[in-house]
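Spelled out from the first residue to the last, the chains are:
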Amino acid sequence: MKSAILALAIAALVAGPVAAQVPTGKMDALRPDQQQFFQLYKELVETDTTVTNGNCTQAAAQIATRLKAAGFADDQIIQFAVPDHPKEGGIVAVYPGTSRTLEPILLLAHIDVVTAERADWVREPFTLIEENGYYYARGVADDKMMAATWADTLIRFKQSGYKPARTVKMALTCGEETDKVFNGAEYLANNKRDLIHAAFALNEGGGGDTDGKGKLVSQSIQIGEKVYQDYKFVATNPGGHSSTPVRENAMYAMSEALLKIRDHDFPMEFSDTTRAYFAKAGAARSDDMGKAMVALSKNPNDAQAQATVNSDRYFHSLLRTTCVGTMIDGGHALNALPQRVEANVNCRIFPGHDPARIGQELAGVIGNPDIKISRAREDKPLASPPPLDPRIVGPMETLSAKYWPGVPVIPSMSTGATDGLYLAAVGIPVYGVPGAWGDPDGNGVHGLNERLEVRAVYMGRDYLFDLVKALAE
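Novice: What is the right way to look at helix α14 (residues 454-472) in this model?
Specialist: An α-helical turn contains 3.6 residues, so a residue and the one three or four places further along point in the same direction. End to end, α14 covers 27 Å across 19 residues, agreeing with the expected 27 Å (1.5 Å per residue, within 8%). The element α14 is extensively covered by neighbouring structure, given that 18 of its 19 residues are classed as buried.

Novice: Explain the sheet that holds strand β19 (residues 451-453) here, please?
Specialist: Across a sheet, strands are paired by hydrogen bonds formed along the backbone, either parallel or antiparallel in direction. Read from one edge to the other, the open sheet built from three strands follows the order β4-β5-β19, with strand pairing classed as antiparallel. Pairing within the sheet leaves two strands with one partner each, and these edge strands are β4 (129-131) and β19. Between one strand axis and the next, the sheet turns by 30 degrees as a mean value, whatever way the strands run. Bridging between strand β5 (residues 134-136) and β19 involves three bridges; their strand directions are antiparallel. Along β19, the bridge assignment pairs tyrosine 135 with leucine 452. Its contacts with the sheet put α14 on β4, β5 and β19, and the angle it makes with β19 is roughly 65 degrees.

Novice: What am I meant to see in the nonpolar core here?
Specialist: For soluble globular proteins, the rule of thumb is that nonpolar side chains tend to be buried together. In terms of nonpolar packing, the biggest core is built from 71 residues, with Tyr41, Leu67, Met170 and Leu202 touching the most fellow members. No other element matches the 13 residues that α14 contributes to this core. Discounting chain neighbours no more than four positions away, the residues touching leucine 202 are Ile105, Leu106, Leu107, Leu108, Trp150, Met396, Tyr431, Val433, Leu467, Val468 and Leu471. Counting residues in each nonpolar core, the second largest holds 21 residues, with Ala253, Met254, Cys347 and Leu421 among its members.

Novice: So what exactly am I meant to see when it comes to the state of the cysteines here?
Specialist: Here, the word disulfide means a covalent bond between the sulfur atoms of two cysteines. This structure, assessed with the given rule, holds two disulfides. Here cysteine 56 engages in a disulfide with cysteine 174; their sulfurs sit 2.2 Å apart. Here cysteine 56 and cysteine 174 share a disulfide; its torsion about the S-S bond, 60 degrees, makes the bridge right-handed. Here cysteine 56 is found in helix α3 (residues 56-70), whereas its partner cysteine 174 is found in the loop between β6 (168-173) and α5 (184-191), with 118 residues between them in sequence. Considered together, cysteine 56 and cysteine 174 belong to a single accessibility category, that of buried residues. Here cysteine 323 engages in a disulfide with cysteine 347; their sulfurs sit 2.0 Å apart. Where cysteine 323 bonds to cysteine 347 through sulfur, the torsion about that S-S bond is close to 110 degrees, and the disulfide is right-handed. On the criterion of sequence distance, the pair formed by cysteine 323 in strand β12 (residues 322-330) and cysteine 347 in strand β14 (residues 340-349) is long-range, its members being 24 residues apart. The buried category is assigned to cysteine 347, whose relative accessible area is 0%. When the bonded cysteines of the protein chain are counted from the start of the sequence, the pairing works out to 1-2, 3-4.

Novice: I would appreciate a short explanation of the confidence of the model for the protein chain in the present structure.
Specialist: The predicted structure's coordinates, where accompanied by low pLDDT, should not be read in detail. Per-chain confidence: the protein chain averages 92 in pLDDT, with 94% of residues scoring 70 or above. Predicted confidence is poor over residues 1-21, with pLDDT under 50, and the contacts of this stretch with residues over four places away or in other chains come to 29 contacts.

Conventions and cut-offs
- Residues numbered from 1 in each chain as written.
- Predicted model: local features only at pLDDT ≥ 70, side-chain atom pairs only at ≥ 80, totals over all residues.
- Heavy atoms only, no water.
- Helix = DSSP H or I, 4+ residues; strand = E, 2+ residues; numbered from the N terminus.
- Expected span 1.5 Å × (residues − 1).
- Buried < 20%, exposed > 50% of the residue type's maximum accessible area, 1.4 Å probe, protein only.
- Pairing = 2+ DSSP bridges.
- Axes fitted to C-alpha atoms, helices over the stretch in contact; angles between N-to-C directions.
- Contact = heavy atoms within 4.5 Å.
- Core = buried A, V, L, I, M, F, W, Y, C linked by side-chain atoms within 4.5 Å.
- Disulfide = S-S within 2.5 Å.
- pLDDT = per-residue confidence, 0-100.

Okay, structure coming up:
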């Protein structure tokens, strides 16, 4: 990718005032291409894709229909599902490039969503509703805005006759929210590696943050993520009648073990990404926390800076592996000593650490060999953060400066988890892209009344379209 050519391409893509690209969301205020996007977005959001009652395969088929109507050939649209999970299918689409040497780009998003109960929501969770400058519905933010944008991007490419140098691939998958059932990205990585082969992938995990009052304060690029790992703790005891209690009690043993997990802090550590994050995010602040963040990025042994930064639970989590008790179950009768107690300890493991070794460390922390520890899944790949490649990160930063002047773009590591883990495990670097933004309260993602600002939808969509074109040149 020639830097001079890339710079010219980006300049051409963002020519013109950004304000003209921000509609109100009303259909009569949308450009024709935005109206086309809205119809795709609305259909996808209003298709229930929960693991309980939904159908990802249906949603993928609807996307396939739209791609075919735009002119995609049958062999450029690959729908997939497995017999054991017929409703959890997905779709891969391929838009050919002109270069024989440049490797493809992969656009990744998940189309499944977290379950939503109508009785708990203010509005119907599977009807896209616009209210007070926001779109409301389950999946409107996580992750159907991105999935709709990727499909819409390929449709616009086909309709305009655009000829990128790189082939652009898209994979929309199911199971990100419930990957103990079936995970489409994992399936593709392990069984259809050639189909999704790419130099790199663009995914969720980045994006903007507001101050909660309508002002965009930052954009982020996700470069790496922690590994999600559950550990099952099991304490057993012969039990007996509760009228004659003894000190050796499975419930007490488990309680003591969990309290030791609570009090254990894993060592602080930096990756290239998190060091850059603390340096840039700290420099953007004018308070004592900002000064401490910068100081810690320069000197990890600065005890005062450590204490200040660790007082923020998010920053504390960014700097280490974390483990926390999340579920517990035990006992078999109200009038009996418990014979078995099980607890789940959820860990978010800093990149580069083996989950098996973390399990051994947990065993050492609790110091009770009678409590058995096992992993809920033993096939999770190790987190492998991608490089801070200027050929990929540079266009993201340049375009962001055009769309959102003065807003810093900060590399970040996710403390959560995305499907990018499975692609990284088979050698495809994955980057969570800037674009749409959220508010400090989390916008109801995974919770009640999920929402996304209308301006964020359309401006984020335009940004991502231009980004794909810039990276495909």
